[in-house]
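Remarks on the overall topology
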Amino acid sequence: MLVHVPTSVDEAVALLDEGKGVLVAGCTGLYPHLGPDQSIISLRNAGLSGVETDGDTVRVGATTTLTQLAREVPFLRESIASIASPTIRNMATVGGNLFAPQPHGDLAVCLLALDAQIDKTGDVVTSITFKVPEHWYYTKAMRRKQNSASIVTVASDGVRIALGGVAPGPVRALAAEAKLAEGDIDGAAEAALEAADPFDDAYASAWYRRRVLPVHVRRALTNAV
Amino acid sequence: MPSSVIEITVNGSEEEFIAKPGTTLLGALRDTLGLTAAKRGCGVGTCGTCTCHVDGEAVMSCLVPVETINGATVRTLEGTTPADGLSPLQQAFLDNFATQCGFCTPGMIMAAEALLAVNPAPTREDVVTAISGNVCRCTGYESIIEAILIAAEATS
């Protein structure tokens, strides 16, 4: 394994274009599963860390850690607290979470519900921008209270609804959003099933995920963070 | 790519050594610097027994390629032990039967050190969260949680 530590985004893009390795940042997701013949391009020193707030617009550098984001953006604190452990949150990055395979990647579910915009240079995600919503609804069903992957994750700003744990990637529940727009929370809960394409894994069966999804959508939408 | 020269400060001592490409911080601590308190358990960041502090924050040292933290300040369990005797957390673990086989203890104490550094008077819930990335197969966690709360009370 070779370890490239570029000190700028341009340098990182060049290394990636030359096929010098896979991109990593916090090294919590992809890195432990790489073989000895695979090399990495670490974004740790590429200058992509930091949170800028301008009014209700938040711009988050791609290598900002989950701990940093929780510190700077209060409405996301509870959602971020549901992800992994404090030690992993000190390492795992916002940009990396976008690529975490389900049933991980709960922050990506939040960002989908926030209609966040992603900035890239070449194939490198450099920052993520979203607006602080007036309302925030979030629930994550897990096998235990902390540090576990998602059975069902629901994130919503009261208009958009995004789901995790119930499909190959984070998904918007568009039919549920239409029901929610009519003020029909029970209807939204049932309609969320239209967006679900769940899988079996060690945490829950596809059957179980489908069975409890409406319950968690209803709970999320009736409990603002 | 050749091996690289790494300069990091470990427990207050400036260390300079040569690391083969892909060496983890855990590997460098244990095999190059002879600091064997941090243990290798799972190697994928889920057991927490390799927990160390890098620039003041608790991290899983098995997931840190040492070439990415050149210049950083690292603290391990060895660095929390006073020249004479034990640290308040170490003493509390001993007094309250919070260590059995001892394999998780270095990580537990480093996770607890990180908590108490920012939150000297934690609630039980704070302690449970702080060690949620650390696995213990002996104690059932209760004695560890108690020991951390007692150490916090003794020092604050």
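Remember, it's a predicted structure, so these values are computed and weren't measured experimentally.

Residues annotated in UniProt with the feature "domain: FAD-binding PCMH-type" (unreviewed entry) correspond here to residues 1–162 of chain A. Between the first and last C-alpha atoms of residues 1–162 of chain A the distance is 37 Å; the span itself is 23% helix and 26% strand.

Moving on, we get to the sheet that holds strand β6 (residues 117–121) of chain A. Residue and element names in this part refer to chain A. The strand order across the open sheet formed by 4 strands is β4-β5-β7-β6, and the pairing between neighbours is antiparallel. The strands lining the two open edges of the sheet, one partner per strand, are β4 (51–54) and β6. Mean inter-strand twist for the sheet, computed between neighbouring axes without regard to direction, equals 20°. Here 5 bridges tie strand β5 (residues 57–61) to strand β7 (residues 124–131), and the two strands are oriented antiparallel to one another. The residue of β7 that forms the bridge with Val58 is Phe130. Along the sheet, helix α1 (residues 9–17) contacts β6 and β7; its crossing angle with β7, the most-contacted strand, is approximately 125°.

Here we take up the domain arrangement of chain A. Along its sequence, chain A is carved into domain 1 (3–42), domain 2 (51–131) and domain 3 (137–221). Distance from the C-alpha centre of domain 1 of chain A to the C-alpha centre of domain 3 of chain A: 33 Å.

What follows is about the domain arrangement of chain B. Residue and element names in this part refer to chain B. As far as domains go, chain B holds domain 1 (4–76) and domain 2 (88–155). Its C-alpha centre places domain 1 at a distance of 22 Å from the equivalent point of domain 2. Every contact between the two is made by 12 residues of domain 1 and, on the other side, 10 residues of domain 2. Among the elements that line the side of domain 1 that touches domain 2, the one with the most residues is strand β3 (residues 51–54), at 3 residues. Class assignment for the residues of the side of domain 1 that touches domain 2 results in 6 nonpolar, 4 polar and 2 charged.

Residue and element names in this part refer to chain A. Tracing the backbone shows Glu177 in helix α7 (residues 174–181). Glu177 sits in the buried class, given 20 other C-beta atoms within 10 Å. Between the alpha carbons of Glu177 and Leu23 there is a distance of 35 Å; along the sequence they are 154 residues apart. When neighbours within four sequence positions are excluded, Glu177 is seen to be in contact with Val159, Arg160 and Ile161.

So, on to the interface of chain A and chain B. Contacts between the two partners involve 20 residues from chain A, matched on the other side by 22 residues from chain B. When residues of the side of chain A that touches chain B are traced back to their parent elements, those giving at least two are β3 (40–42) and α4 (86–89) of chain A. In terms of residue count, the dominant contributor to the side of chain A that touches chain B is α4(A) (3 residues). When the residues that make up the side of chain A that touches chain B are grouped by side-chain class, the tally is 12 nonpolar, 7 polar and 1 charged.

Residues and elements named next belong to chain B. Bridging between strand β1 (residues 4–10) and strand β2 (residues 13–19) involves 7 bridges; their strand directions are antiparallel. From the neighbouring strand, Ile6 faces β2, where its bridge partner is Phe17. What sits between the antiparallel neighbours β1 and β2 is a turn of 2 residues, in which Asn11 has the positive phi angle 50°. Pairing between β1 and strand β5 (residues 73–75): 2 bridges, direction parallel. For Val10, the partnering residue across the bridge sits in β5 and is Val74.

This next bit is on the nonpolar core. Within the largest apolar cluster, 111 residues are counted, with the highest numbers of intra-cluster contacts made by Ala192(A) and Ala112(B). Here Ala192(A) is in contact with Ile161(A), Leu163(A), Ala173(A), Ala176(A), Leu213(A), Pro214(A) and Val217(A), once residues within four sequence places are set aside.

This part covers the sheet that holds strand β10 (residues 161–164) of chain A. All names here are of chain A. The strand order across the open sheet formed by 4 strands is β8-β9-β10-β11, and the pairing between neighbours is antiparallel. Both outer strands of the open sheet, β8 (137–141) and β11 (171–172), are each paired with one neighbouring strand and no more. Across 5 bridges, the pairing between β8 and strand β9 (residues 152–156) is antiparallel. Across the sheet, residue Tyr138 finds its bridge partner in β9, namely Ala155. In the packing of helix α9 (residues 206–221) onto the sheet, contacts are made with β8 and β9, and the angle to β9 comes to roughly 30°.

With that settled, consider α7(A). Residues and elements named next belong to chain A. Within α7 the residues assigned to the buried category are Ala176, Glu177, Lys179 and Leu180. An end-on view of α7 places all buried positions within 160° of arc, on one side of the element. Considering only its buried residues, α7 is in contact with β10, α8 (185–191) and α9. Gly183, located one to two residues past α7, shows a positive phi value of around 80°.

Each value, and the rule that gives it
Residues numbered from 1 in each chain as written. Chains lettered and ligands numbered in written order. Predicted model: local features only at pLDDT ≥ 70, side-chain atom pairs only at ≥ 80, totals over all residues. UniProt positions renumbered as here; feature names shortened; annotations may be inferred. Helix = DSSP H or I, 4+ residues; strand = E, 2+ residues; numbered from the N terminus. Pairing = 2+ DSSP bridges. Axes fitted to C-alpha atoms, helices over the stretch in contact; angles between N-to-C directions. Contact = placed C-beta atoms within 7 Å. Domains from an automatic or database assignment. Nonpolar A, V, L, I, M, F, W, Y, C, P; charged D, E, K, R; others polar. Buried ≥ 20, exposed ≤ 12 C-beta atoms within 10 Å, placed from the backbone. Core = buried A, V, L, I, M, F, W, Y, C linked by C-beta atoms within 7 Å. Arc of directions from axis to C-beta.

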